[in-house]
Amino acid sequence: MTTHAVPTATTPRRRARTVATTVAGNFIEYFDWLIFGLYAPLIAQHFFPSADPLTALLAVFVAYATGMLFRPLGGILMGALADRRGRRLALLLSITLMGGGSLVIGLLPTYAAIGVAAPVLLFLARAAQGLSAGGEWPAAVSYLMELAPRSRRCLFGSIFAVSSAAGGLAASALGLALSATVGSQAMADWGWRVPFLAGAALSAVLLVLRRQLGESEAFVRARRSGPPPGLRRLWRDHRGAVVVAALFVVGVTVQTTTWTTVAPALAQSQAGMPADAVYAAVTAAIALSIVVLIPLGLLADRVGVLPMLVVSVLGFAVAGPLALNAASGGTGRLVLCLCTGLFFMSCLTAVLPKIMASMFPTHLRASGIGLPHAVASSLAGGLTPALATWLAGAGRLDWYLGLLTVTALLAGAAGVRAVRRARPDDDLPQTPATPASQDRVLVGSART
């Protein structure tokens, strides 16, 4: 392992550009992920022809689930790559896979043109995007937390969370704009391809920008001490941290899925609210989360992580079930319900990267984050909507409300435990870079 020096971003403007380049991948990930769900009925017509439209739609959602299944593998493989070869390489690979998958979907010939090869290639593109989605989070979070000054880690984490919400909002806005511009028939024929091609173009631009990133000094110092241990060593020496991190992510994911997916779906299917009213409520709630996340990150840096955990857990445990019960009372109540849930959700997501990164040493940070995050979020995120729908159909929505409270308490307990298990700050930056080190960033390069 050798290192060489390259110019680094020392001014606030250049430092902001580095952070933006890092979090932009998360924006693109959520953008690409959502547009596949938004255009699932149109994709079904072109790649899974069937006399029964529902059968074709089901096949598309199987392709969607393929991406979810590959997320844990992406978290494991890309996390290990980020620990062995560097955060920069993992960030480059993840955006390449995501953009490549979008490009394939955007240009892929239909079933009528190439037959069964069309759905096969669609599944492969979704698998690539699943690998990317699983690997982007641990590499980007590790990189951000290793770059952030000690007093600004929650701020950097909240910026990362903003990129997720902004990606989803951009996908919805682009879909509306396209529908209004080209019309429903053109959207069904070719318009649905435009967002995928836009995602591929954004990925290509970001790939160029990420090539200019330097490695974090924390990673370079860790690699100088020798090659990192593998996943077996992670499980042997940090098993407790992995379990606590997984429980924390399960609790957070159940809450996130409830307020972004379950509540809007139940308002439409159970209460019969018009789709446009539900969409307006979701948009308003997401916009609120974007507005409050940065202030919440600054507040968390000032008051600490534990108060934010307490506020979010008490809010979910007490106000969450009340708000969810009120979701069926009309558009105004649904907006209040979603805004309540996403506000307390923002209290958690602002501190989530700092909590996760502080649990593992630098040479295992990406693997330690990636393994529990990818597995727990995929399982909890995939099962929660189905469980909520089943319980609502059985007339036992009160059981789901109980589950919501239990998982909120689980997230709080695991979060407190994670804070207590946090490692000393000596392997993360204590302060902004010293004047001598501001002139260069060390970039690790492995030589065989």
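What you are looking at is a predicted structure, and each value in this text was computed from that prediction instead of being measured.

Colleague: What is the right way to read the overall build of the protein from this model?
Modeller: Secondary structure assignment for the protein yields 16 helices and two strands. Excluding contacts between residues fewer than 6 apart, the proportion of contacts in the protein whose partners are at least 24 apart in sequence is 87%.

Colleague: How should I be thinking about the environment of Gly230 in this particular structure?
Modeller: Looking at the secondary structure, you find Gly230 in the loop between α10 (217–224) and α11 (231–269). Since its relative accessible area comes to 29%, Gly230 is described here as partly exposed. Each C-alpha atom of the pair Gly230 and Ala80 lies 7.3 Å from the other, and the pair is 150 residues apart in sequence.

Colleague: Where do I start with the packing of aromatic side chains in this structure?
Modeller: Given two aromatic rings, one states the distance between the centres and the angle between the planes to describe the pair. Scanning the entire structure with this criterion turns up eight aromatic pairs. For the pair Phe36 and Phe196, a centre-to-centre distance of 6.4 Å together with 80 degrees between the ring planes defines the contact as edge-to-face. With Phe36 in helix α1 (residues 12–38) and Phe196 in helix α9 (residues 193–210), the pair connects residues that are 160 residues apart, well separated along the chain. Since its relative accessible area comes to 1%, Phe36 is described here as buried. On the numbers, 6.2 Å between centres and 90 degrees between planes, the contact of Phe48 with Phe123 is edge-to-face. With Phe48 in the loop between α2 (40–47) and α3 (53–85) and Phe123 in helix α6 (residues 117–147), this residue pair connects regions lying 75 residues apart in the sequence. According to the relative accessible area criterion, Phe48 is buried, its value standing at 13%. When the ring centre of Phe36 is taken as reference, the NZ or CZ atom of Arg126 above it lies at 4.4 Å.

Colleague: Just to check I follow, could you spell out the environment of Arg71 for this structure?
Modeller: The residue Arg71 is located in helix α3 in this model. Assessed through its relative accessible area of 14%, Arg71 is described here as buried. Between the alpha carbons of Arg71 and Glu136 there is a distance of 9.9 Å; along the sequence they are 65 residues apart. In this view, Arg71 contacts Glu29, Trp33, Gly130, Ala133, Gly134, Ala374, Ser377 and Ser378; residues no more than four positions away in its chain are not counted.

Colleague: Looking at this structure, I do not really get the pattern of salt bridges. What am I missing?
Modeller: Any two side chains of opposite charge can pair, on the condition that their charged atoms come close. Counting across every chain of the model gives eight salt bridges. For the salt bridge of Arg210 with Glu136, the shortest nitrogen-to-oxygen distance reads 2.7 Å. Taken together, the positions of Arg210 in helix α9 and Glu136 in helix α6 put the pair 74 residues apart, joining distant regions of the chain. Looking at Glu136, the relative accessible area reads 2%, which means it is buried. For Arg233, the salt bridge goes to Asp237, with nearest N and O atoms at 2.3 Å. Pair noted here: Arg233 and Asp237 are both in helix α11, with a separation of four residues, about one helical turn.

Colleague: Explain the side chain of Arg126 here, please?
Modeller: Position of Arg126 among the secondary structure elements: in helix α6. Within the structure, the side chain of Arg126 is placed 2.8 Å from the side chain of Gln129, a separation counted as a polar contact. Ignoring anything within four residues of it in the chain, the contact list for Arg126 reads Trp33, Phe36, Ala63, Tyr64, Gly67 and Ile105.

Colleague: Please explain the nonpolar core as it appears in this structure.
Modeller: The tendency in soluble globular proteins is for nonpolar side chains to be buried as a group. Core analysis: the largest hydrophobic core is formed by 77 residues, its most contacted members being Phe248, Trp259, Leu324, Met356 and Phe360. With 14 residues, the top contributor of residues to this core is helix α14 (residues 331–357). Of all hydrophobic cores here, the second largest spans 24 residues; its members include Phe47, Ile105, Ala171 and Phe196.

Colleague: I keep staring at the confidence of the model for the protein and nothing clicks. Help me out?
Modeller: The predicted coordinates ought not to be read in detail in places where the model reports low pLDDT. Residues at a pLDDT of 70 or more form 86% of the protein, whose mean pLDDT is 82. This stretch, residues 1–10, has a pLDDT under 50; its non-local contacts, to residues over four places away or in other chains, come to 34 contacts. Long-range and interchain partners of residues 429–448, a stretch whose pLDDT sits below 50, account for 51 contacts in this model, where long-range means more than four residues apart.

Colleague: Would you take a moment to explain the packing of helix α4 (residues 87–107) against α6 for this structure?
Modeller: The relative placement of two packed helices comes down to the angle between their axes together with the axis-to-axis distance. Between α4 and α6, whose axes approach to 7 Å, the crossing angle comes to 150 degrees. Comparing the axis directions of α4 and α6 gives the class roughly antiparallel. Remark: the crossing between α4 and α6 carries left-handed chirality. Class assignment for the residues of the contact of α4 with α6 results in 16 nonpolar, six polar and four charged.

Thresholds, definitions, all that
Residues numbered from 1 in each chain as written. Predicted model: local features only at pLDDT ≥ 70, side-chain atom pairs only at ≥ 80, totals over all residues. Heavy atoms only, no water. Helix = DSSP H or I, 4+ residues; strand = E, 2+ residues; numbered from the N terminus. Contact = heavy atoms within 4.5 Å. Buried < 20%, exposed > 50% of the residue type's maximum accessible area, 1.4 Å probe, protein only. Phe/Tyr/Trp six-rings, centres within 6.5 Å; stacked < 30°, edge-to-face > 60°. Lys NZ or Arg CZ within 6 Å of the ring centre and 35° of its normal. Salt bridge = Lys/Arg side-chain N within 4 Å of Asp/Glu carboxyl O. Polar contact = N/O pair within 3.5 Å; in protein donor to acceptor, adjacent residues only side chain to side chain. Core = buried A, V, L, I, M, F, W, Y, C linked by side-chain atoms within 4.5 Å. pLDDT = per-residue confidence, 0-100. Axes fitted to C-alpha atoms, helices over the stretch in contact; angles between N-to-C directions. Parallel < 35°, antiparallel > 145°, perpendicular 65-115°, else oblique. Left-handed = near helix turned anticlockwise from the far one by under 90°. Nonpolar A, V, L, I, M, F, W, Y, C, P; charged D, E, K, R; others polar.

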